[in-house]
Amino acid sequence: MKVLYRKLRRGIWSNRGQFFAMALVITIGISLYVAMSNTFSNLGYAQESFYNDNNFADHYFHVVHAPEAVAKQIASIPGVEKVTARIQQDVAVIKADGTRASARLTSYPLPLAEQVNSVALKQGRLFEAYPANGGAEALVDPSYLQANGLNLGENVEIIAEGRQIPLTVVGTAIGPEFVYAIKDLSSMVPDPKTFGIFMIPLNQAQEAFNLPGQINQILVVFTPGADTEAIISHIQDLLSPYGNLASYPRKDQLSHSLLDAELTSGRIMARFFPIIFLAIAAGIQIVLLRRMVRMQRLQIGIMKGLGFSNAAVLFHYSSYALAVCMIGALCGSVLGLLFSQSLNQLYATYFNLPNVEGYHYQVITYSFLLAAAVGMVAGLSGSAPIVNINPAESMRSQPPSKSAHNILERLPSLWQSLSPLWKMSFRSVARNRMRTLVTVGGVVAAVSLLLISFFMNDAIDYMMKQYYQKEMLYDYMVRFDQPVRSSELLAISRMDGVNQVEAFIEIPVKIHYNGRTVEDAVNGQAEGNRLKTPFDSEGNPMAIPEQGIILGEITARKLGAEPGDLITVETTLNRGEPIITELTVVSINRQLLGSVCYTSLAQANRLLHEADVVSGCMLLVDPGHSSTIEAQLSDITGINSIASRQKEIDNITSLLDSSMLFVGIMIFFSLILGLAIIYNSIVMSYNERKKELASLLTMGFTHTEVSGLMLKDTLIQAVPGLIIGLPTGRWLAVVYISSVSTDMFTFPVIISPVSYVLSLLVGLGFVLAGYWLATRGLSSLDMIEMSKYVD
Amino acid sequence: MAKEILVHLQDVTKTYIMGEVSVEALKATSLDILAGEVLVILGPSGSGKSTLLNLIGGMDRLTSGELFFRQQALHSASNSELTQYRRDHIGFVFQFYNLISDLTSYENVELAASLVDDPLSSAEVLEQVGLQERLDHFPAQLSGGEQQRISIARAIVKRPLILLCDEPTGALDYQTGKTILELLLEVNLRHGSTVVIVTHNAAIGAIGDRVIRMSSGRIAEIQINASRATPEGIEW
Ligand SMILES: Nc1ncnc2c1ncn2[C@@H]1O[C@H](COP(=O)(O)OP(=O)(O)OP(=O)(O)O)[C@@H](O)[C@H]1O
Ligand SMILES: [Mg+2]
């Protein structure tokens, strides 16, 4: 068996180019698998343990306000394991430099540890309910602390009930409901400079909001197996006297749903990408082994004649594939773990999760098992023809390869117009069906991966354009603490450099239709507003109706409502009684993230039984005045938040660099896949036809003509591959997007013509590069050697 | 009337160098090849027959000496000049046919025909080698003798001045071998091509105008036959 081992080594060495190319493809496949599986395992484990350690809530109830004692009542319901009652409220923050930010002020009854949605301390110490020197203590999320250059012991200033209240930062902490810390879906990505999580003791929140003994949220953890629906409606009944504003399960919690969406899409990618690379590698291996077996028929016959069993010979040839796969698994695992490290870091910047790190030996084990399985399957099916080799027969010389007429010949006029060299190429491609299939498939895979990569780039482009050049055209969006008279906007419009002020109102509502209820917000736009525009599913801008409502697509889908239907809107402002109004659905708009329902400012006022209130405004300003305007706005205590479009763009752009890196890596990998497949295909066909090619040279064909023949072979396979690759890539993009789409997130598959062209060009690039790599040695074709030997 | 000298070799040597060892496959050889003659090169294995043939055919380069095709100095020709020379003037027939397996008989011949401006008609050439019935067959569907006929048809369709045949009957049975030789002589008569046949079968010498006997890289003897025997008439 030692001899066989040496033969194995020599066999690999003499085909080293091809084995190297395959090992490379497997390395990429395995490294993608390891990198993504490891990272998403990390993320998954971190999520699970973080949720468990901090009693992440199963269900949320929002009320206007209710007595603290209601928590005890709820806790006594069978099936309820834990209850926490708290106050949570978004507040304006005045930063040290006078500018605005906003914070989700979240309060906790003490002791903290046992509470639902408890927090994990990262730095400093926990707050105390009654600090010795008076005042109030807070924890902030580490990203906010870092982004704003705060130190422990410094104060943050919030505005509550129109008063400015200092909170002393005593530590940083993260909580399971703030893993992905965005204010709402319109922000897309976290912006820790302008949005933070502030955590304080419940008693301090009650004082700040002037709600002694009251709370506005109930968080519940159910005992496993409990009849949650019954419990939820029981709790809703209990809470109904206090103004049921909202009730939603964990899966609708903002941070959780986004983290889950990331995990889902990550897990899909962790399977999808490696499978493509491994499948192509397996295909090449099968073809390569079949060729080896054919070429070494005589040797195999001799080995069998010497007494080696079928199984031994089969195993010997399979071990070529296995060896290559194991090398790929080894390199891929190492590379994958390295990638995983940077992916972990990338996720750490998006998600506030502890311990997204570590290596999972199962992932490595799986990667080796996966590679071994690919190697065995490819090896055995590649060398299966060995079983049929008869020692005696193998000694006879083999007739020339059997060619046949192909489909093209059914069109005699076309076929006759081809030169003999083209005919040779077509027949060779048709004769080697398996190889052709693998080559075309490989090119299709590479090109569709290219297209998907470019599409990701397009998607980001599209999103930025749609969002910041079409939907929102304002420089600033200002939101007040609560609805105000529209005359309040006069002060703003009189500021120096303010060119335009457009009023709007946002009203939290429940929409009922046909027995279904969805919590949403109605956005009332003043007549003539043009700084924020809804778009329909075809991407056309829509006019705001004076009466009736434009539903968001997601809300419409959940309700089952269509244009013309009459829906019921119930306001859920946290003061005053809910008001119920019936509205006609005028049309349906599409948002990339989340859902917004539009109506006119006048109609929105009617929903509140008001005539002239607004909750915010959008501004166009002179660029030169923006900082003074921002400062002036910050001084107005009634203003809850000031969003700067430019700052949002900057923030997103800075985060997108890492996605661009990912796109770049995918393009690079697709290129290598394409290169490897073309290289292997040419080398195989070259090796098989060496003798024929040499005989062309003796007849007087030039080297250029002979390598041109190889190019013809390549193009016959690559061109259909390139062309099929484009629709396949688009199709895969559609499948991918629909598999990662969630209630909150959906995306049109819009691929720019440039991406198609680029995919084709890069595809053509790897075809020519592979051709060049493979035919470099062609000039060494030895006519004399070739003329001497039979196969 | 003196026959034209097509190829002239003057003190041609060919030495193969393989690392430390060098093999002198051809030692200071001078020879003229005449238009329209049938030349048989005989000699034991390793005596340099194929080496000589390949040099004449422009497939290999000499180590020293001079080689002319008419006035053209092949010893100093560039690779592309050699290719052009093979394309325009040389037809090769090998022991193992070396047909293109992906082309039919007809297409194999067409392939060669496509190399020159004024080829013979492929169909006629195939008829001449007796394979008009097999135009649409692939090499794998033909017997050895039939494949060799195709390879002859492929060589002559270009109207080469010189047909170089290395062991053309080497892989064939006795009777088939004879018909191939007949075919070669017929080509010589009909098209006036010079035919050079390399073989280790001494009996075949009788069909040539001249017979060159080689031994260890040298021409040992040149024999001129008063008349050529027909392949039918020889025995081996
Ligand atoms: N490419 C090569 N490299 C090294 N030596 C070679 C090469 N080709 C031929 N030789 C050597 O040159 C000598 C002459 O070889 P050649 O092929 O001309 O012999 P031959 O007369 O055709 O023999 P045969 O009848 O066996 O075909 C031999 O000793 C051979 O080993
Ligand atoms: Mg020889």
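Note that the structure is a prediction, hence the values are computed from the model and not measured.

### A few points about the pairing of strand β14 (residues 516-525) of chain A
Across a regular strand the side chains alternate sides, sitting on one face of the sheet and then on the other.
Residues and elements named next belong to chain A.
Step number 1: Note that strand β13 (residues 498-513) and β14 share ten bridges and pair antiparallel. Note that in β14 the partner of Phe-504 across the bridge is Gln-525.
Step number 2: Hairpin connection between β13 and β14: a loop of two residues separates the two successive antiparallel strands, and Asn-514 in this loop has a positive phi of roughly 55°.
Step number 3: In this sheet, strand β18 (residues 597-600) lies alongside β14 in parallel orientation, the contact comprising four bridges. Looking across to β18, one finds that Gln-525 is bridged to Ser-600.

### Describing the site of ligand 1
Step number 1: Around ligand 1, a shell composed of 14 residues is seen, among which Ser-45, Gly-46, Lys-49, Ser-50 and Thr-51 of chain B lie nearest.
Step number 2: More than one chain reaches ligand 1: its neighbouring residues belong to chains A and B.
Step number 3: With respect to ligand 1, the backbone of Gly-48 of chain B contributes an N or O atom lying 3.0 Å from an oxygen atom.
Step number 4: Contact distances for ligand 1 include 2.5 Å between an oxygen atom and a side-chain N or O atom of Thr-51 of chain B.
Step number 5: Summarising the interface, the protein chains cover 71% of the accessible area of ligand 1, which totals 630 Å² for the free molecule.
Step number 6: No other element matches helix α1 (residues 49-56) of chain B, which puts three residues into the shell around ligand 1.

### Quick word on the sheet that holds strand β9 (residues 210-215) of chain B
Residues and elements named next belong to chain B.
Step number 1: Taken in spatial order, the six strands line up as β6-β7-β8-β3-β9-β10 in an open sheet, and their pairing is mixed. Of all the strands in the sheet, just β6 (90-93) and β10 (218-224) have a single pairing partner and so form its edges. Across the sheet, the mean angle from the axis of one strand to that of its neighbour is 15°, orientation sign disregarded.
Step number 2: Across the face of the sheet, α1 comes into contact with β3 (38-42), β6, β7 (162-166), β8 (194-198) and β9 while running at roughly 155° to β7.

### Let's talk about the packing of aromatic side chains
All names here are of chain A.
Step number 1: Following the criterion strictly, the structure yields 16 aromatic pairs over all chains and no others.
Step number 2: Taken together, the ring pairs connect Phe-40, Tyr-180, Tyr-347 and Phe-351 into an aromatic cluster.
Step number 3: Its guanidinium or amino end placed over the ring of Trp-13, Arg-16 lies 4.3 Å from that ring's centre, counting from NZ or CZ.
Step number 4: Positioned above the aromatic ring of Trp-422 is the side chain of Lys-712, whose terminal nitrogen or guanidinium carbon lies 5.4 Å from the ring centre.

### Section: helix α10 (residues 361-383) of chain A
The periodicity of an α-helix, 3.6 residues per turn, causes residues three or four places apart in sequence to face the same way.
All names here are of chain A.
Step number 1: For α10, built from 23 residues, the straight-helix expectation of 33 Å at 1.5 Å per residue is met to within 8% by its first-to-last C-alpha distance of 32 Å.
Step number 2: Those residues of α10 lying buried are Val-363, Ser-367, Ala-371, Val-374, Gly-375, Ala-378, Gly-379, Gly-382 and Ser-383.
Step number 3: Buried residues in α10 make contact with α2 (16-53), α7 (254-295) and α9 (310-350).

### Re the packing of helix α19 (residues 645-699) of chain A against helix α20 (residues 703-740) of chain A
All names here are of chain A.
Step number 1: As a packed pair, α19 and α20 sit with axes 10 Å apart at the nearest point and diverge in direction by 145°. Regarding α19 and α20, the two cross each other, and that crossing is right-handed. Taking contact as the criterion, the partners of Ile-678, Ser-681, Ile-682, Ser-685, Tyr-686, Arg-689, Leu-693, Leu-696 and Leu-697 in α19 are, on α20, His-703, Val-706, Leu-709, Met-710, Asp-713, Thr-714, Gln-717 and Ala-718.
Step number 2: For the contact of α19 with α20, the class distribution of residues is ten nonpolar, five polar and two charged.

### Points about the interface of chain A and chain B
Step number 1: On the side of chain B, 29 residues touch chain A, which itself brings 33 residues to the contact.
Step number 2: Summed over both partners, the interface of chain A with chain B buries about 2700 Å², with 61% contributed by carbon and sulfur atoms.
Step number 3: On the surface where chain A and chain B come into contact, there are three salt bridges.
Step number 4: Linking chain A with chain B are 13 residue pairs in polar contact (both at pLDDT 80 or more).
Step number 5: Of all the secondary structure elements, the ones that give two or more residues to the side of chain A that touches chain B are α13 (420-431), α19 and α22 (783-788) of chain A.
Step number 6: Per element, the largest residue contribution to the side of chain A that touches chain B is eight residues, and it comes from α19 of chain A.
Step number 7: Looking at the side of chain A that touches chain B residue by residue, the classes come out as 15 nonpolar, nine polar and nine charged.

### Some words on the pairing of strand β2 (residues 80-86) of chain A
Residue and element names in this part refer to chain A.
Step number 1: Burial of β2 is extensive: six of the seven residues sit out of reach of the surface.
Step number 2: Where β2 lies against strand β10 (residues 214-222), six bridges are found, and the strand directions are antiparallel. For Val-80, the partnering residue across the bridge sits in β10 and is Phe-222.

### Overview of the domain arrangement of chain A
All names here are of chain A.
Step number 1: Once the domains are mapped, chain A shows domain 1 (1-56 + 253-399), domain 2 (57-251), domain 3 (421-471 + 654-791) and domain 4 (472-651).
Step number 2: Summarising the inter-unit geometry, the C-alpha centres of domain 2 and domain 4 are found 26 Å apart.
Step number 3: Surface buried jointly by domain 2 and domain 4 totals about 1700 Å² across both partners, of which 47% is contributed by carbon and sulfur atoms.
Step number 4: Counting the surface domain 2 buries against domain 4, the share from its top three residues, Arg-100, Leu-185 and Leu-245, is 33%.
Step number 5: Put simply, domain 2 and domain 4 have zero salt bridges between them.
Step number 6: Joining domain 2 to domain 4, the criterion identifies seven residue pairs in polar contact (both at pLDDT 80 or more).
Step number 7: Contributions of two or more residues to the side of domain 2 that touches domain 4 are made by β3 (88-94), β4 (100-108) and β11 (244-249).
Step number 8: In terms of residue count, the dominant contributor to the side of domain 2 that touches domain 4 is β11 (five residues).
Step number 9: Residues belonging to the side of domain 2 that touches domain 4 are distributed by class as follows: twelve nonpolar, six polar and five charged.

Procedures and definitions
Residues numbered from 1 in each chain as written. Chains lettered and ligands numbered in written order. Predicted model: local features only at pLDDT ≥ 70, side-chain atom pairs only at ≥ 80, totals over all residues. Heavy atoms only, no water. Pairing = 2+ DSSP bridges. Helix = DSSP H or I, 4+ residues; strand = E, 2+ residues; numbered from the N terminus. Near = heavy atom within 4 Å. Polar contact = N/O pair within 3.5 Å; in protein donor to acceptor, adjacent residues only side chain to side chain. Areas by Shrake-Rupley, 256 points an atom, 1.4 Å probe, with all protein chains shown as cover. Axes fitted to C-alpha atoms, helices over the stretch in contact; angles between N-to-C directions. Contact = heavy atoms within 4.5 Å. Phe/Tyr/Trp six-rings, centres within 6.5 Å; stacked < 30°, edge-to-face > 60°. Lys NZ or Arg CZ within 6 Å of the ring centre and 35° of its normal. Expected span 1.5 Å × (residues − 1). Buried < 20%, exposed > 50% of the residue type's maximum accessible area, 1.4 Å probe, protein only. Left-handed = near helix turned anticlockwise from the far one by under 90°. Nonpolar A, V, L, I, M, F, W, Y, C, P; charged D, E, K, R; others polar. Buried area = accessible area lost by both parts, 1.4 Å probe. Salt bridge = Lys/Arg side-chain N within 4 Å of Asp/Glu carboxyl O. Domains from an automatic or database assignment.

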